[in-house]
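Results of the structural survey
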Amino acid sequence: MGDRLLLVGCGKMGGAMLSGWLERGAEAGDITVIEPHPDAAEAARRAHGVRVLEAPERVADDPPAVVVFAVKPQTLPDMASAYAPVAAAGAVTLSIAAGRPIGFFEAAVGGDAAIVRSMPNTPAAVGRGITAACANARVGADQRALCQRLLSAIGEVVWVEDEGLIDAVTAVSGSGPAYVFLLIECMTEAGIAEGLPPDIAARLARATVAGSGELARLSDEDAAQLRINVTSPGGTTEAALGVLMADDGMAALMKRAIAAAARRSRELA
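Residues numbered from 1 in each chain as written. Predicted model: local features only at pLDDT ≥ 70, side-chain atom pairs only at ≥ 80, totals over all residues. Heavy atoms only, no water.

Thoughts on the overall build of the protein
- Within the protein, the regular secondary structure consists of eleven helices and eight strands.
- Structurally, the protein occupies a C-alpha span of about 70 × 40 × 35 Å along its principal axes.
- Of all 269 residues assigned to the protein, the portion counted as buried reaches 37%.
- Considering only contacts within the protein whose residues lie at least 6 apart along the sequence, 61% involve residues at least 24 apart.
- The protein carries 23 positive and 32 negative side-chain charges, and their two centres are separated by 2 Å. (Helix = DSSP H or I, 4+ residues; strand = E, 2+ residues; numbered from the N terminus. Buried < 20%, exposed > 50% of the residue type's maximum accessible area, 1.4 Å probe, protein only. Contact = heavy atoms within 4.5 Å. Lys, Arg positive; Asp, Glu negative; His and termini not counted. Charge placed at Lys NZ, Arg CZ, Asp CG, Glu CD.)

Some details on the pattern of salt bridges
- Scanning all chains against the criterion turns up nine salt bridges.
- Between Asp3 and Arg149 there is a salt bridge, and its shortest N-O distance comes to 3.1 Å. Of this pair, Asp3 sits in the segment before strand S1 (5-8) while Arg149 sits in helix H5 (residues 141-152), placing them 146 residues apart in sequence.
- Exposure remark for Asp3: the relative accessible area of 23% places this residue in the partly exposed category.
- Across the salt bridge formed by Arg144 and Glu161, the nearest N and O atoms sit 3.3 Å from each other. (Salt bridge = Lys/Arg side-chain N within 4 Å of Asp/Glu carboxyl O.)

Notes on the side chain of Gln143
- Tracing the sequence through the fold places Gln143 in helix H5.
- Of the residues examined, Gln143 reaches a relative accessible area of 19% and is grouped as buried.
- Once you skip the residues sitting within four places of it in the chain, Gln143 turns out to touch Gly90, Ala91, Val92, Ala114 and Arg138.

Have a look at this one:
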């Protein structure tokens, strides 16, 4: 990638990003990781050969092009301000911490700082995530392109101009993997109720959801058409969809669920 990178936090999501950057050609020598937990720090050193520090001391002496915050949101109030000198030196701040708005980082690292707030999801761990990002007015074209490249290492990227939409993003894609996993659970339980052995029901449900997702990803047809393609008039799928697509069925439940998640996201912010 050719840019110096500072990664703050190397847990599951931070580690996934780090792996993606290195696989896409970033040099280990261009990456510094701040990781206060000794076990995670040692794991990053051994797995990736990157420089790992326990605190950001002297980082501003050789400032990176970007600081990526991949830490738990509740830890940020006590630590973000330590990176103000790096932001003042021109680094763009890229956050994947849920619930922390751009204004939080502007207050923590400086009002003139370039800030990108993003919301990835857990399929990033296998390179199949999707991230929505929003930039403040101080983010330049080159900085936005750099953040795009960094986030693309863990999956697809979309940009929203209105930060208020991040709450909806959180509800749809940030929390969304849990909805899909619940679908697998429910399909498994329903299969067991129809007499299938639990292990076979679980395999059928998991593979069906995974395969259907991949088909949707690769297809030029939208989800509605793909559904229609599976549904023969008078057949078994139509019988099931008569239940799922009823007025009180899946669509109504999903709207209520996503509204609840979006509302909670706004409360947490």
